[in-house]
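Summary of the model geometry
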Amino acid sequence: MSRLETGRMVRRLSLLAILALIGSTVFSASSLAASGGKDRFHASASDEGEGAEASELHDLQHFDEVAEANPVVGAAALFSQCRFTPFNGATNIYPGLAANEHDVIKGDTLSTFADGTQCYNPQNEQNLVINPTNRNNIVTSSNDYRYDFGACWAYVSTNGGATWTDVVMPGWTNITGAKGQFVKTGCGGDPVMAFAPDGTLYFAALTYNVDKFPRQMSGVAVGVSKDGGLHWSAPKMVSFNAAGNFFYDKEWIGVGNDGTVFLTWTKFYQGPKGLGYIKSPIVMASSKNQGTSWSSVKEVSDAAHPYNQGSQVAMAPNGDLYVSYEGASPSTGYNTDAVVVARSTNGGTSFTNAEVARAFDDLDCYPIQLPGGQGRQTLSGEQFRLPLNPSLAIDPTTGTLAIGWADNEGVGSCGNGGTTFTDGPTSNQVKVVTSNDGTHWTLHRITSSGPDKAIVAVGANAGTIAVGYYTRDYATAANDPLCEAKLRDAATGTITVLSTQNVCLDWALKTSTDGGATWSSQKRISSHSSNPYILFSGSFIGDYEGTAVDDQGKVFTVWTDFRGNPGVTSPNQDTLVGTIPAH
């Protein structure tokens, strides 16, 4: 779950306020002025050492309460728009889903706010994987809020995405039979999946509590399925720390050609008393016996890059292992960020790290969220925190590597060394770097139209690279009542429009069949634009999404949509899977 904090220290708040305000992973370094010895990437914890990752899985009401306590103007504050007419209770706000769209959430549940309004519980943050032994077996997952503090879920299709089964995984939470350390830590989010060559499926997630230092616990864990995601083992703890001064964040899982499982994550060191972050290396553990036991933890990032976040891991057909991540660059005194690739030619025993592209998410590249948010960077007119989060894919047939992200290079003050974004609006665009050997990289700017793009997800197989992303290209009309940000007076309940600017988003996709040299026209995957202010007062829509390509070149992509399931539920955050045919 993955963005930015301001340079000001988070004020000391009660646990509920911390949970409501901080949210989850602070993904970018660019939120804090560089100070040499301080980590500009921050994890999901306050200065008191309270793990706040759970806020994304906590009571939705807290986000609106914090927003109301921090009005944008006068007594008017941002709020979750699912709570007011016409969104509240209406199931026909949007047209029905198109034939290529599939809502994977079955039996969604309602959450009740203090004023009696009800909103369907959200699902967000997903990757998507295809069984290499059975292309009809497609699986995704999400932060699913249907149980208290969330539960780990898998959404499984055995017929190529036509229909889906929702599966609650056992042993992660008390309600699902947790034992040992999981009784206190539960399922903490950042769900990620990976298939092994033999069809074994692995699920990784964070696990933690929200106690203050020194009682804070943080871990990463993995569950295993032998039948494509329909049944799961109890989770196995990969690494666990109860000293209170470490917080594990943003894990990712991949499986090598020989079945070795690799788990990477960010290890935030909060100092000897848990009072402030010192460094955040990318680390890794591996398993050679299908997750039964795990190796010791080793660092992947090098000494030159002590401040990092957002790793992803995958193996090339020749056995080279790659880990991509965002790191603060030593070349600028850690004032700017880079997409970094760690490469291992000996199965992860040692790595060579190299910066492969500049990432333009500096302090002066984006506006900051309005009051009631989390002090993170966002897009003009939007409120959701904006992760850069490089997305890695390796084509198992050609060996081509592709890493995608979106940034705001060349817009307004971006990249000029300032501390505040000026001369907007933002125009975030998608970039991809590709390589055939892991050492020589080519940069491709694959979008250029003015409206923003965000949260990139890359997949590759059968000679096709597919890149999914949010876009504002199709939501341009002003004064669209479904696409406005609105304010609510905490005392009177009066609703007012913050701006007539269109804030709706769509999910779109581009493909390349020549290693990234040329790209298709943009394909709109979502059939209707929708409003991201629907839940969390607009401040959180998830930090990553997923795209995958099967062995015949057919593309599947998953995203957090804000329509809910039209005709079944009122608007909320739902996990949708879209398809485009093979070339």
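Let me sum up the structure you'll find in this document.

Quick notes on the rules
Residues numbered from 1 in each chain as written. Predicted model: local features only at pLDDT ≥ 70, side-chain atom pairs only at ≥ 80, totals over all residues. Heavy atoms only, no water. Helix = DSSP H or I, 4+ residues; strand = E, 2+ residues; numbered from the N terminus. Buried < 20%, exposed > 50% of the residue type's maximum accessible area, 1.4 Å probe, protein only. Areas by Shrake-Rupley, 256 points an atom, 1.4 Å probe, with all protein chains shown as cover. Salt bridge = Lys/Arg side-chain N within 4 Å of Asp/Glu carboxyl O. Disulfide = S-S within 2.5 Å. Pairing = 2+ DSSP bridges. Lys, Arg positive; Asp, Glu negative; His and termini not counted. Contact = heavy atoms within 4.5 Å. Axes fitted to C-alpha atoms, helices over the stretch in contact; angles between N-to-C directions. Phe/Tyr/Trp six-rings, centres within 6.5 Å; stacked < 30°, edge-to-face > 60°. Lys NZ or Arg CZ within 6 Å of the ring centre and 35° of its normal.

**Focus: the overall build of the protein**
Each helix and strand counted, the protein has 3 helices and 34 strands in total. Within the protein, the proportion of its 583 residues that are buried is 66%. Approximately 18,500 Å² of the protein is accessible, and the part contributed by carbon and sulfur atoms is 52%.

**Overview of the pattern of salt bridges**
Under the defined criterion, the tally for this structure stands at 21 salt bridges. Note that Arg488 is salt-bridged to Asp115, the shortest N-O span being 3.6 Å. Of this pair, Arg488 sits in strand E28 (residues 485-489) while Asp115 is found in the loop between strand E3 (110-112) and strand E4 (118-120), placing the two residues 373 residues apart along the sequence. With relative accessibility at 15%, the residue Arg488 sits in the buried group. Look at Asp115 and you get partly exposed, because its relative accessible area is 40%. Measuring nitrogen to oxygen at the nearest pair gives 3.2 Å for the salt bridge that ties Glu409 to Arg445. Placement of Glu409 in the loop between strand E23 (401-407) and strand E24 (429-435) and of Arg445 in strand E25 (residues 442-445) is noted, with a sequence separation of 36 residues between them. Each of Asp64, Glu68, Arg83, Asp115 and Arg488 takes part in one network of salt bridges that share partners.

**Focus: the state of the cysteines**
Applying the stated criterion across every chain yields a total of 4 disulfides. For Cys82, the disulfide goes to Cys119, at an S-S distance of 2.0 Å. The S-S bond linking Cys82 to Cys119 shows a torsion near 95°; that makes this disulfide right-handed. Of this pair, Cys82 sits in the loop between strand E1 (76-78) and strand E2 (101-103) while Cys119 sits in strand E4, and the two are 37 residues apart along the sequence. Accessibility expressed as a relative area gives 1% for Cys82, which makes it buried. Taken in sequence order, the bonded cysteines of the protein link in the pattern 1-2, 3-4, 5-6, 7-8.

**Some words on the pairing of strand E32 (residues 546-549)**
Side chains of E32 alternate between two faces, with Gly546 and Ala548 and Thr547 and Val549 buried alike. In the sheet, E32 pairs with strand E33 (residues 555-561) via 4 bridges, with the strands oriented antiparallel. Following the sheet pairing, Thr547 is matched in E33 by Thr557. Hairpin connection of E32 to E33: 5 residues between the antiparallel strands, including Gly553 at a positive phi of 90°.

**Some thoughts on the side chain of Asp489**
Looking at the secondary structure, you find Asp489 in strand E28. Look at Asp489: it is buried, it has no salt bridge, and the nearest opposite charge is Arg488 at 7.4 Å. Among all residues touching Asp489, those that are not within four sequence positions of it are Ala75, Ala76 and Thr494.

**A look at the environment of Thr352**
Locating Thr352 in the fold gives a position in strand E21 (residues 352-359). When its relative accessible area of 56% is taken as the criterion, Thr352 is described as exposed. Measuring from C-alpha to C-alpha, the distance between Thr352 and Val341 comes to 8.1 Å, with 11 residues separating the pair along the chain. In contact with Thr352, not counting residues within four places along its chain, are Val341, Ala342 and Arg343.

**Here's the deal with the sheet that holds strand E19 (residues 321-328)**
If you walk across this open sheet you meet the 4 strands as E18-E19-E20-E21, and the pairing is antiparallel. Looking along the sheet, the strands with just one partner apiece sit at the ends: strand E18 (308-315) and E21. Pairs of neighbouring strands in the sheet enclose a mean axial angle of 20°, with direction left out of account. Pairing between E18 and E19: 6 bridges, direction antiparallel. When the sheet's bridge partners are listed, Gln312 is paired in E19 with Ser324.

**Quick word on the sheet that holds E1**
Strand order across the open sheet formed by 3 strands is E1-E28-E29, with antiparallel pairing between neighbours. Edge positions in the sheet fall to E1 and strand E29 (495-499), since each has one partner strand and no second. Put simply, the sheet's adjacent strands are angled 45° from each other on average, direction ignored. When E1 meets E28, the two strands line up antiparallel, connected through 3 bridges. Directly across from Ala77, in E28, lies its bridge partner Arg488.

**Things to note about the packing of aromatic side chains**
Tallying each qualifying case throughout the model produces 18 aromatic pairs. When the centroid spacing of 5.1 Å and the interplanar angle of 70° are considered together, the rings of Tyr307 and Tyr334 count as edge-to-face. Note that Tyr307 is positioned in the loop between strand E17 (298-299) and E18 and Tyr334 in the loop between E19 and strand E20 (337-344), a separation of 27 residues in sequence. Of the two residues examined, Tyr307 and Tyr334, each falls in the buried class. Judged by centre distance (4.9 Å) and plane angle (85°), the ring pair of Tyr470 and Trp507 falls under edge-to-face. Within this pair, whereas Tyr470 is found in strand E27 (residues 464-471), its partner Trp507 is found in strand E30 (residues 506-512), the two being separated by 37 residues in sequence. These aromatic residues form a ring-pair network of at least three members: Phe63, Tyr145, Phe536 and Phe540. The ring of Trp153 is capped by Arg146, whose NZ or CZ atom sits 3.7 Å from the centre of that ring. Positioned above the aromatic ring of Phe246 is the side chain of Lys267, whose terminal nitrogen or guanidinium carbon lies 4.7 Å from the ring centre.

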